[in-house]
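Each chain, written out:
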Amino acid sequence: MKTLRYLAAAAIAAGFMAAPANATTFVFKGDGLNVTPTNVGNVDDSCATSGGTSNDLCTIDDAEGFDYSLEGVNLNVKAYAGVSDFDDLSANTATRLIQDINPADSGLGAWSETDSSDDQTQFDAMEAIRFVFDEEQTVTNVEFNAGGDTNCSTFGSEGPCGDFDLYIDGAFIATITAIDNIALLGTGMDFLLVAVTEGAGFTIAQMTVGEVPVPAALPLLLSGLAGLGFASRRRKTA
Ligand SMILES: [Ca+2]
Ligand SMILES: [Ca+2]
Ligand SMILES: [Ca+2]
């Protein structure tokens, strides 16, 4: 039994030590920009002339959202308005997603307000952003901005970033305060962030994703455990 515990602890430790394989950083903001939508037929670049700024990109069919592809990682992003939880997501609640490229310190946002006093590009209360990957990913180093408040800490017309409800693969995880950089968001295929703070909001500037780490030593350890089990059975029956 002592050996089994030791091997199990080693397997867990190996899992924690393994770095995410194939880390890929999507930069949506203008500063360091490395992705624009691949479904170019759904890109409205004229949203720049209706209150946006040059180079901004908006969805035409909001329910389709924007597709991104980088280093073999495929991602679909959608924005929603008037939602309180995961069950409210539908084509009816989809809203215009903007990749706000200018100014350079913004990012992905929801452009849905009729209230012109609010920052239109940010995820304000009951607006949501959903990231769906084509395979399971661990999402790390998510950078948030709020207009001129790039560190999410200053109270004012464009900040702070406020809180959001996090759902991963449809399950509620926690209510989280958006800060400049969240080191680890979680692991899954489907990440939904529902903004909950009235009058505060955020854009998603960038994020790093990696395949879920599988420790190289784990299969070997498991075969070792199976071997021990076999050996102990043989001793019992002998
Ligand atoms: Ca803009
Ligand atoms: Ca908004
Ligand atoms: Ca920031």
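Novice: Now, about the overall build of the chain: what can you tell me, with residues and values included?
Specialist: Each helix and strand in the chain was counted, giving 2 helices and 13 strands. Counting the 238 residues in the chain, one finds 33% classified as buried. Relative to all contacts within the chain whose residues are 6 or more apart in sequence, the contacts with residues 24 or more apart total 68%.

Novice: Could you give an account of the confidence of the model for the chain, with specific residues and numbers?
Specialist: Per-residue confidence for the chain averages 82 on the pLDDT scale, and 74% of its residues sit at or above 70. The secondary-structure element of the chain with the lowest mean pLDDT is helix α1 (residues 2-17), recorded at 42, while strand β4 (residues 66-70) shows the highest, at 98.

Novice: Can you lay out unusual backbone geometry for me, pointing to particular residues and giving the numbers?
Specialist: In this structure, the amide linkage connecting N102 to the following residue, P103, adopts the cis form with an omega of 10°. For M126, which is not glycine, the phi dihedral falls at a positive 70°. Relative to the assigned elements, M126 resides in the loop between β8 (108-110) and β9 (127-145). Backbone geometry at N141 places phi at a positive 50°, although glycine is not the residue there. Summarising the element assignment, N141 is placed in strand β9. Among the residues examined, N141 registers 15 C-beta atoms within 10 Å and is labelled partly exposed.

Novice: Any details on the pairing of β4? Residues and values, ideally.
Specialist: Across 5 bridges, the pairing between β4 and strand β5 (residues 73-81) is antiparallel. Looking across to β5, one finds that L70 is bridged to V73. Where β4 folds back on β5, the antiparallel hairpin that results is connected by 2 residues, among which E71 adopts a positive phi of roughly 50°.

Novice: Just give me the short version of the environment of D134, but keep the residues and values in it.
Specialist: Counting through the fold element by element, D134 comes out in strand β9. Along the chain, D134 and L75 lie 59 residues apart, while their C-alpha atoms are 6.5 Å from each other.

Novice: Which residues make up the environment of T138, and what values go with them?
Specialist: Assignment of secondary structure puts T138 in strand β9. T138 gets classed as partly exposed once you count the C-beta atoms within 10 Å, which come to 18.

Novice: Help me get a handle on the environment of S69, residues and values and all.
Specialist: Positionally, S69 belongs in strand β4. Owing to 14 C-beta atoms within 10 Å, S69 belongs among the partly exposed residues under this scheme. Non-local contacts of S69, meaning those with residues more than four positions away in its chain, are made with T38 and N74.

What counts, and at which threshold
- Residues numbered from 1 in each chain as written.
- Chains lettered and ligands numbered in written order.
- Predicted model: local features only at pLDDT ≥ 70, side-chain atom pairs only at ≥ 80, totals over all residues.
- Helix = DSSP H or I, 4+ residues; strand = E, 2+ residues; numbered from the N terminus.
- Buried ≥ 20, exposed ≤ 12 C-beta atoms within 10 Å, placed from the backbone.
- Contact = placed C-beta atoms within 7 Å.
- pLDDT = per-residue confidence, 0-100.
- Pairing = 2+ DSSP bridges.

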